[in-house]
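# Overview (structure and organization)
Letter by letter, the chains look like this.
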Amino acid sequence: MNCSRVKSLLEEYFEESLPEPQATAVAAHVATCTDCAAELRQIERVVAALAAVPAAVPSEELLRSITARAAELPRPDRGRMVWLRRWRWAVVAAGTGMAAVGAAASAVAVLVWLGLGSHVPGSGWVADAGAFLRRWVDATSGGMVALWEQALEAVYGLGLALQAAAPTIGVYVAAEVGILLAIVFVLRMGRRREAVRPTVLI
Amino acid sequence: MSDSEAGREDARLIARCLDGDRPAFDLLVSRHYRGVYNVIYRMLPSSDDAADVTQEAFLRAYTRLDTFNLGRSFPAWLRAIASNLCIDHLRRRRSQTVSLDQRLESGLEPADESPDASPENQLTVAEDSRRVLAAVHQLPEKQKAVLVLRHIEGMKLNEIAEALRMPVGTVKTMLFRGRAAVREMVGEL
């Protein structure tokens, strides 16, 4: 191994991260080459000089300043929301998606309820209200009655399918949880940004 | 106090702080502000800047305390925050920074103001340290951070990689290039 090659490996040799066959070769070369040995000593001296840099002493005023500024900030709390920040975009996406499902389910439910009045025999306030709305639709839509018939049939079928696939109450609960998580997350992140912004000192 | 006892005491104070005991954070600051200030002071040759960035580091740590993993070293976490703030600070101030050479030429005090840096002791280790530190201050931000964390703070390569969020191989490359550049600048010691 020549001097040029050894000098290119000296830093890694000093850091003891050179693979064994090369480390042995470099050690053998340095033992016999005064030029390369001097360069290795120079690395050692630079590192020793850095390790010997004396500690600086900050003022007590700095300590008082830090604690006074910290007292102005909202207190940190337990890390129960850490996972929420770590998966914030997934949470926002899930919350938005669940909110959309909730809104769609609500719309379907209203239309199904509207359709019940004319399509499901029975009594009680649901059937009465549905019948009233149906009469109002018939009276106000004129030539559109046939179209409404078809639309209500389709919505009614969709509503039954939805009810069969998953209890409506479950969809509502999931949607509400998603909306709640999204709102809490947005409010919390906003509060943190407000808290951090005034601490930028530079 | 041993390292493990110090770590347990840090964990207790952090837990108290997260339970709403704000004075516990004051104790954490008093335990670690000298160390954090030194990391920063060795990267920023201005004591005013070092104080500002130290304050910012602790306030950032305070607002993010709930993200700290109690299984890790709190001083190492603080050093990571401090190093990254220094790098950001140096990048922002790059065009305005007065180099140490300029400070010396203009008659201002060098970064190391210890008594051993006097002309009478120019051949001492302290003088070597002053010269080497002055050279380190001339390095690019990340190389400077790597050298300070490795040789002044005594951190391992993988710890530096984690703190500066870069691969270990990149840390090694920066360390070797930084040391070579410092040797080139200081000449014979």
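Now for a quick tour of the structure. Numbering of residues begins from 1 in every chain and follows the order in which that chain's sequence is written. Numbering of ligands from 1 and lettering of chains from A proceed in the order in which they are written. Totals for whole chains, interfaces and linings use every residue, but because this is a predicted model, local features are given only for residues with pLDDT of at least 70 and side-chain atom pairs only at 80 or more, for both listing and counting. The basis for every side-chain value is the complete set of non-hydrogen atoms in the structure, without hydrogens or water.

## Observations regarding the overall build of chain A
Definition in use: The helix count covers DSSP runs of H or I at least four residues long, the strand count covers runs of E at least two residues long, and both are numbered beginning at the N terminus. Relative accessible area decides the class of each residue, using a 1.4 Å probe on protein chains only: under 20% of the type maximum gives buried, over 50% gives exposed, and in between gives partly exposed. We call two residues in contact whenever any of their non-hydrogen atoms come within 4.5 Å of each other.
Across its full length, chain A carries nine helices and zero strands. Secondary structure elements of chain A, listed N to C terminal, follow the sequence α-α-α-α-α-α-α-α-α. For chain A, with 202 residues in total, the buried portion stands at 32%. Here the contacts in chain A between residues at least 6 apart in sequence split such that 63% fall between residues at least 24 apart.

## Observations concerning the packing of helix H2 (residues 23-43) of chain B against helix H3 (residues 47-63) of chain B
All names here are of chain B. The following threshold applies: Inter-axis angles, ranging from 0 to 180 degrees, are taken between N-to-C directions of lines fitted to C-alpha atoms, where helices are fitted over the stretch in contact. These descriptions rest on fixed angle ranges, namely under 35 degrees for roughly parallel, over 145 for roughly antiparallel, 65 to 115 for roughly perpendicular, and the rest for oblique. With the far helix as reference, a near helix turned anticlockwise by less than a right angle produces a left-handed crossing, and one turned clockwise produces a right-handed crossing. Gly is placed with the polar residues, together with every amino acid not listed as nonpolar (Ala, Val, Leu, Ile, Met, Phe, Trp, Tyr, Cys and Pro) or charged (Asp, Glu, Lys and Arg).
At a closest axis distance of 9 Å, the pairing of H2 and H3 adopts a crossing angle of 135°. Looking at the two axes, H2 sits oblique to H3. Once H2 is placed against H3, the crossing between them reads as right-handed. Residues Phe-25, Val-29, His-32, Tyr-33, Val-36, Tyr-37, Ile-40 and Tyr-41 of H2 touch H3, and the partners they reach there are Ser-47, Ala-50, Ala-51, Val-53, Thr-54, Ala-57, Phe-58 and Tyr-62. Broken down by class, the residue content of the contact of H2 with H3 amounts to 13 nonpolar, three polar and no charged.

## Topic: the packing of aromatic side chains
All names here are of chain B. In plain terms, the rule: Between the rings of Phe, Tyr and Trp (Trp by its six-membered ring), a pair exists once the centres lie within 6.5 Å; its type follows the angle of the planes, with under 30 degrees stacked, over 60 edge-to-face, and the other angles tilted.
The full count for this structure, using the stated rule, is five aromatic pairs over all chains. Note on Tyr-37 and Tyr-41: the rings are 5.5 Å apart at their centroids and 10° apart in plane angle, and the pair reads as stacked. Of this pair, Tyr-37 and Tyr-41 both sit in helix H2, four residues apart, roughly one helical turn. Since its relative accessible area comes to 11%, Tyr-41 is described here as buried. Aromatic side chains Phe-68 and Trp-77 sit 5.0 Å apart centroid to centroid with 50° between the ring planes, which places their arrangement in the tilted category.

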